[in-house]
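One-letter residues, chain by chain:
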Amino acid sequence: MKKAIKFISRAALVGAIYAVLTLALYPISFGAVQFRLSEALTLLPLLIPEAIPGLFVGCLVSNIIGGFGPVDIIFGSIATLLAAIFSRLLRKYPLLVPLPPVVFNALIVGSYLKFLYLKDVPLLASIGWVALGELMACYAL
C-alpha cells in the first residue's frame with residue numbers, strides 16, 4: 001500500500017508542476033508557435049516511471065484549461081503520453097531520451113495545428129516550429 005501511495009504522490013506532483021509551468025507561461029505555451037518550458041519534464045521518465053502518468057495528466061489539465069479545444073485535449077495529451085512512454089523505454093540511452101518528445105509532439109501537434117489553425121502554412125513548417133520548441137525545451141534545457 002505504501003508503495004502505491006508513493007507512486008501516486010510522485011505522479012501527481014509531476015502533473016501539477018507540468019500544468020503550473022504550462023499555464024503560468026500561457027503566452028508562450030499555447031499558440032501556432034509554442035515553446036512549453038514544461039516539456040523539459042518529459043525527460044523525467046528517465047529517472048522515475050511515475051512521471052509517465054503525471055505528464056499525461058498534467059498535459060491533459062493544461063490543455064483543458066488553456067488549449068485549442070477537444071483536438072488539443074485529446075491528441076496533445078496523447079502525444080505527451082507517447083513521448084513519456086518512449087522516453088522511459090530509451091532510459092538506457094540517455095542522449096536519446098529527449099528524442100521522443102520532439103518527434104511525437106512535432107508530428108502530432110504540428111499536424112493538427114496546421115490543419116486546424118495554420119491552413120496557409122505548409123505542413124513541414126508547422127511540424128518544424130513545434131519540433132524547434134521541443135528541441136529547445138528538451139535538449140537545450
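Look above for the structure.
Residues numbered from 1 in each chain as written. Predicted model: local features only at pLDDT ≥ 70, side-chain atom pairs only at ≥ 80, totals over all residues. Heavy atoms only, no water.

**A word on the overall build of the protein chain**
Helix and strand content of the protein chain: six helices and zero strands. Counted from the first residue to the last, the protein chain has its helices and strands arranged as α-α-α-α-α-α. Taking 2.2 N^0.38 as the reference for a compact globule, 141 residues should give roughly 14 Å; the C-alpha atoms of the protein chain span a radius of gyration of 14 Å, in line with that estimate. Dimensions of the protein chain, computed from the C-alpha atoms along their principal axes, are close to 55 × 35 × 20 Å. (Helix = DSSP H or I, 4+ residues; strand = E, 2+ residues; numbered from the N terminus. Rg over C-alpha atoms; globule rule 2.2 N^0.38 Å.)

**Digging into the packing of aromatic side chains**
For the structure shown, the criterion picks out three aromatic pairs. Both rings, one in Tyr 26 and one in Phe 30, keep their centres 4.9 Å apart while their planes meet at 40°; by these two values the pair is tilted. Among the residues examined, Tyr 26 registers a relative accessible area of 41% and is labelled partly exposed. Its end group placed over the ring of Phe 115, Lys 114 keeps NZ or CZ at 5.6 Å from the ring centre. (Phe/Tyr/Trp six-rings, centres within 6.5 Å; stacked < 30°, edge-to-face > 60°. Buried < 20%, exposed > 50% of the residue type's maximum accessible area, 1.4 Å probe, protein only. Lys NZ or Arg CZ within 6 Å of the ring centre and 35° of its normal.)

**Notes on the pattern of salt bridges**
Enumeration over the complete set of coordinates arrives at one salt bridge. When the shortest N-O distance is used, the salt bridge between Arg 10 and Glu 50 registers 3.1 Å. Taken together, the residues Arg 10 in helix H1 (residues 2-24) and Glu 50 in the loop between helix H2 (26-29) and helix H3 (51-66) connect sequence positions 40 residues apart. (Salt bridge = Lys/Arg side-chain N within 4 Å of Asp/Glu carboxyl O.)

**Here we look at the nonpolar core**
In terms of nonpolar packing, the biggest core is built from nine residues, these being Val 14, Tyr 18, Leu 41, Ile 48, Ala 51, Ile 52, Leu 55, Cys 59 and Ala 84. Elements represented by at least two residues in this core include exactly H1 and H3. Residue contributions to this core peak at four residues, all from H3. Setting aside residues no more than four positions away along its own chain, Leu 55 makes contact with Val 14, Tyr 18, Leu 41, Thr 42, Pro 45, Thr 80 and Ala 84. (Core = buried A, V, L, I, M, F, W, Y, C linked by side-chain atoms within 4.5 Å. Contact = heavy atoms within 4.5 Å.)

**Details of helix H6 (residues 123-140)**
An ideal rise of 1.5 Å per residue puts 26 Å on 18 residues; H6 measures up with 25 Å between its terminal C-alpha atoms. Of all the positions in H6, only Ser 126, Ile 127, Val 130, Ala 131, Gly 133, Glu 134, Ala 137 and Cys 138 are classed as buried. Those residues of H6 that are buried lie in contact with helix H5 (99-116). (Expected span 1.5 Å × (residues − 1).)

**Brief notes about helix H4 (residues 70-89)**
With 20 residues, H4 extends 28 Å from end C-alpha to end C-alpha; this agrees with the ideal 28 Å at 1.5 Å per step. Those residues of H4 that are buried are in contact with H1, H3 and H5.

**Looking at the environment of Arg 91**
Its location among the elements puts Arg 91 in the loop between H4 and H5. Placed 44 residues apart in sequence, Arg 91 and Leu 47 show a C-alpha to C-alpha distance of 7.9 Å. For Arg 91, the residues in contact, after removing those within four places along its chain, are Leu 46 and Val 97. In this structure the side chain of Arg 91 is engaged in a polar contact, spanning 2.9 Å, whose partner is the backbone oxygen of Arg 88. (Polar contact = N/O pair within 3.5 Å; in protein donor to acceptor, adjacent residues only side chain to side chain.)

**Overview of the side chain of Thr 80**
On the secondary structure map, Thr 80 appears in helix H4. In this structure Thr 80 comes out as buried when scored by relative accessible area, which is 1%. For Thr 80, the residues in contact, after removing those within four places along its chain, are Tyr 18, Glu 39, Thr 42, Leu 55, Cys 59 and Asn 105.

Geometric values such as these leave the question of function open.
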